[in-house]
Number of protein chains: 2
Amino acid sequence: MDLREFIDIVGKDNVLTDKVDVIPYTKDASFFTGKIPYAVLLPQNVNQVSSIMRICQRDDIQVTVRGGGSSLTGSSILAEEGVILSMARFDRILETAIEDRYVVAEAGVKLDYLNSHLSKYGHFYPPDPASSIAATVGGSISTNAGGLRAAMYGATKEWVLGLEVVLPDGTIIQTGGKVLKRSIGYDLTALMVGSEGTLGVITKAILKIAPLPESYGRIMVYYKSIEEAGRAISSLKKRGITPLIAEFMDRISMDSITHTKGIKFPEDAQYLLLIDISSTHESLDKKLNEAAEILKSTDILGMRITKDPEEMAVMYQARKGLYSSQLSEREKPGEYVIIGDIVVPASRLPKTLSEIKGSIENYGLKVALFGHIGDGNIHANIFADVNNSEQMKRVNDFMMELGRIALRNEGSVSSEHGIGIEKIELLKEEYRYKNSLKNLDIMREIKKIFDPKNILNRGKMF
Amino acid sequence: MDLREFIDIVGKDNVLTDKVDVIPYTKDASFFTGKIPYAVLLPQNVNQVSSIMRICQRDDIQVTVRGGGSSLTGSSILAEEGVILSMARFDRILETAIEDRYVVAEAGVKLDYLNSHLSKYGHFYPPDPASSIAATVGGSISTNAGGLRAAMYGATKEWVLGLEVVLPDGTIIQTGGKVLKRSIGYDLTALMVGSEGTLGVITKAILKIAPLPESYGRIMVYYKSIEEAGRAISSLKKRGITPLIAEFMDRISMDSITHTKGIKFPEDAQYLLLIDISSTHESLDKKLNEAAEILKSTDILGMRITKDPEEMAVMYQARKGLYSSQLSEREKPGEYVIIGDIVVPASRLPKTLSEIKGSIENYGLKVALFGHIGDGNIHANIFADVNNSEQMKRVNDFMMELGRIALRNEGSVSSEHGIGIEKIELLKEEYRYKNSLKNLDIMREIKKIFDPKNILNRGKMF
């Protein structure tokens, strides 16, 4: 492939072609391995992105945009041959407008960096995927990332006010704006959220921000039964309580944290709920007690309430590092951790969790269950040897069954990880189940408007 | 026109054709008069809507969907000849799931009715246009309605989880679902929000709900200078305070309330800010005092703090009835009240308000200024004699200038009323200003996917 034009645009140092440089881009946080890119391009500004896209569209070169490379579904690797467009150089926070409740950041800004910046002003950007140390503004928009705090603050789609986007033909468009509400034609900003790099290249985002919670405390409560853990969340929400975060994990998850971080949990505990309650300084104790009373009325093994910032921070980081911790639980080299990601209404949690547990036994797999249970989001980490085809068949069957369990319980097959390569079948399954396959036709037509030659992230989503 | 097929579908009583019955449908809350409909159809279920649409698409009959008829931009009247599809019979609340934080309602359910229902469960649906007594679920979704509480809770787009939509070819699709987050292809639900009846007929919505605020109090504060009123809001938000509602009104607005409701305001007050602060029971006084202290540091004429529910309710209703009150301020018959609706970032409020005031004087018009200033939304009610062409030219010029003032101050020409017939030019102006006319091309292409024969709400938006 002739790379001279790309070198003219971004400079020699920003066109990677050496094997040793490009091989890392065949992996993201999923278990897939992508094609080796012809080149990895690192543009530094929107005009360079525009010039690159013009060439790619002209020459029919497939482009996959890459943020932090933390996709769990293969969104950020090449499903077909092409180039990787890395947004790593788009790392600047351009504007911080506290009274206007927005921040303008380039697409490659990492979420933890953004929040460390905003915390100086007593504010934050709520979307909070566990990968926030690596995940970027652009990448998290592309999958409509959720994370821990979505229990209270909702997913990314509620926090994006506007975007700068480069279309495949090189056109640069601005969507949305710096205002908190608007009603001016179809919402192209919302259309970009969750589009997984298939419609355009996000170069800049105007993000809504919020004041940091005034104070919060934590209740950790242990269960023997998975249904009872689910019932606990239902009970809280029935009483109008919306936790700041509400995390769930099983014994395998707890053990992996013990092994990697040294945090111990009660021996008889099979399931843990970790529930943060935020309120004003004056009301925090009362709110924590209210929540604790409701939880005590469920069948618990033990409970711990804390407001100690250090203790809370340690456990928060342990939860965010759970995926890494579980990697250390693999029994042989070549074993992967494949993550299921479903969501159901809170009232369906007990039944859903019980059905999942039954299904895990049926398929004879080792699976760790955890997730952002406050918004009904359950993750299933499946330990799988990708070289064992018999086992991988069971893994695939279990993943499909997991999706069907979600659908039967009025949920969705993908909560916050997107479709990527992994869930193409499950995407169809969901719309088939809802008797709305037409939705997929509409989506394909929308794709054609933005990307008529299908050069953006080919082989993903559809 | 042959109406027999429609009569076969919905029954004779649900096809209105008598002049006296159809004439009211030539008006909505805007100053426009629409074409007289061939017929007004009142379907009772989604299959009837589907059958109607199939006929209309086949015979190229233009359809305008009508909810409460409270559009301020002419969205719900016929710009071209056709039929009106009234959603009045879609008036049922189908499911109330408190712990799952959603309610399922048919499109014709009125917002006040919905909230009166939800209040029994200590919950509410936050979008709160001043017309909520008439405005419907479907109509408010179609314009991405905001209203008073959007200051804290955001506009409609943040509260719609899923929709049932009938496409022009009669296909019934389900978008979104009953879960609080999901990442499963392009967000067709979000695309419908704000689409003003141009893409499909919304028949049912899954709406997110929230617990009612635990307690709130009100600060009413008076100003002589418009800039200072704007500065007050900036100051609050700079300090991390997000009011539950923050309304602004000028002397004309106050006088109209005095005339219709008998509520008196201090004589020297030119501008009023009405600010509700919500918090926990334990913290409300402290939060009210914090806000009051910040407001006292601006140049105020007087202040009143109240937590009396009755007093707060009276003034809330007076604010919601402001448009009606202002109708009574018209000086001659034939005079209309035409509403401007712009939005800017909070920090731009002082400059924006000052520029608007200057512009009103330039154009020599009588204009009442008010609005949901907490999210930067300013309404300008222009008293205009639609039969006076010289004056109407000045009105139109002022409306364009108002939009340009918003754009120069990083805002938008439409905050919550949509485009309809009224703002077709302003829509273009905004994307031209942002060097993103391509956005309109994309929107037109999206329109073609959904509605290839352009039978839905022709003559609106584009």
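Here the structure is a predicted model, which means the values were calculated and not measured. (Residues numbered from 1 in each chain as written. Chains lettered and ligands numbered in written order. Predicted model: local features only at pLDDT ≥ 70, side-chain atom pairs only at ≥ 80, totals over all residues. Heavy atoms only, no water.)

### Remarks on the overall build of chain A
Okay, so step 1: Counting secondary structure elements, chain A contains 16 helices and 18 strands.
Okay, so step 2: Relative to the globule expectation of 23 Å for 462 residues, the C-alpha radius of gyration of chain A, 22 Å, shows essentially globular dimensions.
Okay, so step 3: Projected onto its principal axes, the C-alpha coordinates of chain A cover approximately 65 × 55 × 45 Å.
Okay, so step 4: Counting only residues that meet the buried cut, chain A has 64% of its 462 residues in that class.
Okay, so step 5: Across chain A, contacts joining residues at least 24 apart in sequence account for 72% of those joining residues at least 6 apart. (Helix = DSSP H or I, 4+ residues; strand = E, 2+ residues; numbered from the N terminus. Rg over C-alpha atoms; globule rule 2.2 N^0.38 Å. Buried < 20%, exposed > 50% of the residue type's maximum accessible area, 1.4 Å probe, protein only. Contact = heavy atoms within 4.5 Å.)

### Looking at the interface of chain A and chain B
Okay, so step 1: Across the contact, 92 residues belong to chain A and 92 residues belong to chain B.
Okay, so step 2: Between chain A and chain B lies a buried interface of about 7,100 Å² when both sides are counted; carbon and sulfur atoms form 54% of it.
Okay, so step 3: On the chain A side of the contact with chain B, A:Glu99, A:Lys181 and A:Tyr186 bury the most area, a combined 14% of that side's loss.
Okay, so step 4: The tally of links from chain A across to chain B stands at 18 salt bridges.
Okay, so step 5: Of the charged contacts in the structure, one is a salt bridge between A:Arg182 and B:Glu430, with a shortest N-O distance of 2.4 Å.
Okay, so step 6: Put simply, chain A and chain B have 55 residue pairs in polar contact (both at pLDDT 80 or more) between them.
Okay, so step 7: Listing elements by their share of the side of chain A that touches chain B, those giving two or more residues are strand S9 (172-176), helix H7 (188-192), helix H8 (226-238), helix H10 (284-296), helix H15 (424-433) and helix H16 (438-450) of chain A.
Okay, so step 8: In terms of residue count, the dominant contributor to the side of chain A that touches chain B is H16(A) (nine residues). (Buried area = accessible area lost by both parts, 1.4 Å probe. Salt bridge = Lys/Arg side-chain N within 4 Å of Asp/Glu carboxyl O. Polar contact = N/O pair within 3.5 Å; in protein donor to acceptor, adjacent residues only side chain to side chain.)

### Some remarks on the confidence of the model for chain A
Okay, so step 1: Averaged over chain A, the pLDDT score is 96; the fraction of residues at 70 or greater is 100%.
Okay, so step 2: Our summary of model confidence lists the complex with pTM equal to 0.97 and ipTM equal to 0.97. (pLDDT = per-residue confidence, 0-100.)

### Section: unusual backbone geometry
Residue and element names in this part refer to chain B.
Okay, so step 1: Backbone geometry places Asn 454, a non-glycine residue, at a positive phi of 50°.
Okay, so step 2: Along the polypeptide, Asn 454 turns up in the segment after helix H16 (438-450).
Okay, so step 3: Look at Asn 457: it is not a glycine, yet its phi comes out positive at around 50°.
Okay, so step 4: Relative to the elements of secondary structure, Asn 457 occurs in the segment after H16.

### Observations regarding the domain arrangement of chain A
Residues and elements named next belong to chain A.
Okay, so step 1: Annotation of chain A at the domain level lists domain 1 (4-88), domain 2 (93-211), domain 3 (215-255 + 272-310) and domain 4 (330-445).
Okay, so step 2: Between domain 3 and domain 4, the C-alpha centre-to-centre distance is 25 Å.
Okay, so step 3: Approximately 1,400 Å² of surface area, both sides summed, lies buried where domain 3 meets domain 4, with 67% of it carried by carbon and sulfur atoms.
Okay, so step 4: For domain 3, the biggest contributors to the area lost against domain 4 are Ile 226, Phe 248 and Ile 252; these three give 39% of the whole.
Okay, so step 5: Taken together, the connections running from domain 3 to domain 4 amount to eight residue pairs in polar contact (both at pLDDT 80 or more).
Okay, so step 6: For the side of domain 3 that touches domain 4, the secondary-structure elements that each account for two or more residues are H8, strand S13 (245-250) and helix H9 (251-261).
Okay, so step 7: The dominant element in the side of domain 3 that touches domain 4, judged by the number of residues it contributes, is H8, at seven residues.
Okay, so step 8: For the side of domain 3 that touches domain 4, a count of residues per class yields seven nonpolar, three polar and five charged. (Domains from an automatic or database assignment. Nonpolar A, V, L, I, M, F, W, Y, C, P; charged D, E, K, R; others polar.)

### Notes on the pattern of salt bridges
Okay, so step 1: By the definition in use, this model includes 84 salt bridges over all chains.
Okay, so step 2: Through salt bridges that share partners, A:Lys351, A:Glu355, A:Glu401, A:Arg404, A:Arg408, A:Glu429 and A:Arg432 make up one connected network.

### Looking at the sheet that holds strand S10 (residues 201-208) of chain A
Residue and element names in this part refer to chain A.
Okay, so step 1: In space, the five strands of this open sheet follow the order S5-S6-S10-S8-S9, with antiparallel pairing throughout. For this open sheet the edge positions go to strand S5 (93-97) and S9, each flanked by a neighbour on one side alone. Looking at each pair of strands side by side, their axes are set apart by 10° on average, direction ignored.
Okay, so step 2: As paired elements, strand S8 (residues 160-166) and S9 share five bridges and run antiparallel to each other. (Pairing = 2+ DSSP bridges. Axes fitted to C-alpha atoms, helices over the stretch in contact; angles between N-to-C directions.)

### Examining the nonpolar core
Generally speaking, a soluble globular protein has its nonpolar side chains buried in company with each other.
Okay, so step 1: Of all hydrophobic cores here, the largest spans 176 residues; its most connected members are A:Met315, B:Leu114 and B:Met315.
Okay, so step 2: With near-sequence residues (within four places) excluded, B:Leu114 lies in contact with B:Ile93, B:Val103, B:Ala105, B:Val109, B:Tyr125, B:Val137 and B:Leu207. (Core = buried A, V, L, I, M, F, W, Y, C linked by side-chain atoms within 4.5 Å.)

### Things to note about the packing of aromatic side chains
Okay, so step 1: Using the criterion set out here, one finds 12 aromatic pairs over all chains in the structure.
Okay, so step 2: Site record: aromatic cluster; members linked through ring pairs are A:Phe124, A:Tyr153 and A:Trp159.
Okay, so step 3: Sitting above the plane of the B:Trp159 ring, B:Lys208 keeps its charged end 5.1 Å from the centroid. (Phe/Tyr/Trp six-rings, centres within 6.5 Å; stacked < 30°, edge-to-face > 60°. Lys NZ or Arg CZ within 6 Å of the ring centre and 35° of its normal.)

### Some thoughts on the environment of B:Gln62
Residues and elements named next belong to chain B.
Okay, so step 1: Here Gln 62 lies in the loop between helix H3 (46-59) and strand S3 (63-66).
Okay, so step 2: Put simply, Gln 62 and Leu 369 are 307 residues apart on the chain and 36 Å apart in space, counted from C-alpha to C-alpha.
Okay, so step 3: With residues near it in sequence (within four places) discarded, Gln 62 still touches Leu 78, Glu 80, Glu 81, Gly 82, Val 83, Ile 455, Leu 456, Asn 457 and Arg 458.
Okay, so step 4: Reaching out from Gln 62, the side chain makes a polar contact with the backbone nitrogen of Asn 457 at a distance of 3.3 Å.
Okay, so step 5: At 2.9 Å, the side chain of Gln 62 and the backbone nitrogen of Arg 458 are in polar contact.

### A closer look at the environment of B:Lys261
Residues and elements named next belong to chain B.
Okay, so step 1: Inspection of the secondary structure puts Lys 261 in helix H9 (residues 251-261).
Okay, so step 2: Overall, Lys 261 belongs to the partly exposed group, its relative accessible area being 43%.
Okay, so step 3: Remark: the alpha-carbon pair of Lys 261 and Ala 318, spanning 57 residues in sequence, is separated by 7.0 Å.
Okay, so step 4: Look past the residues within four positions of Lys 261 in its chain and what remains in contact with it is Ala 318 and Ser 325.

### Observations concerning the sheet that holds strand S8 (residues 160-166) of chain B
Residue and element names in this part refer to chain B.
Okay, so step 1: Spatial strand order, S5-S6-S10-S8-S9: five strands in an open sheet with antiparallel pairing. If you trace the sheet from one side to the other, it starts and ends with strand S5 (93-97) and strand S9 (172-176), each paired once. Ignoring strand direction, the axes of neighbouring strands in this sheet form an average angle of 10°.
Okay, so step 2: Summarising the sheet, strand S6 (residues 102-106) and strand S10 (residues 201-208) pair through five bridges and their orientation is antiparallel. Looking at the pairing, Glu 106 lines up with Lys 204 of S10.
Okay, so step 3: Of the strands in this sheet, S8, S9 and S10 are in contact with H3, which crosses S8 at around 50°.
Okay, so step 4: Of the strands in this sheet, S5, S6 and S10 are in contact with helix H4 (residues 111-119), which crosses S5 at around 35°.

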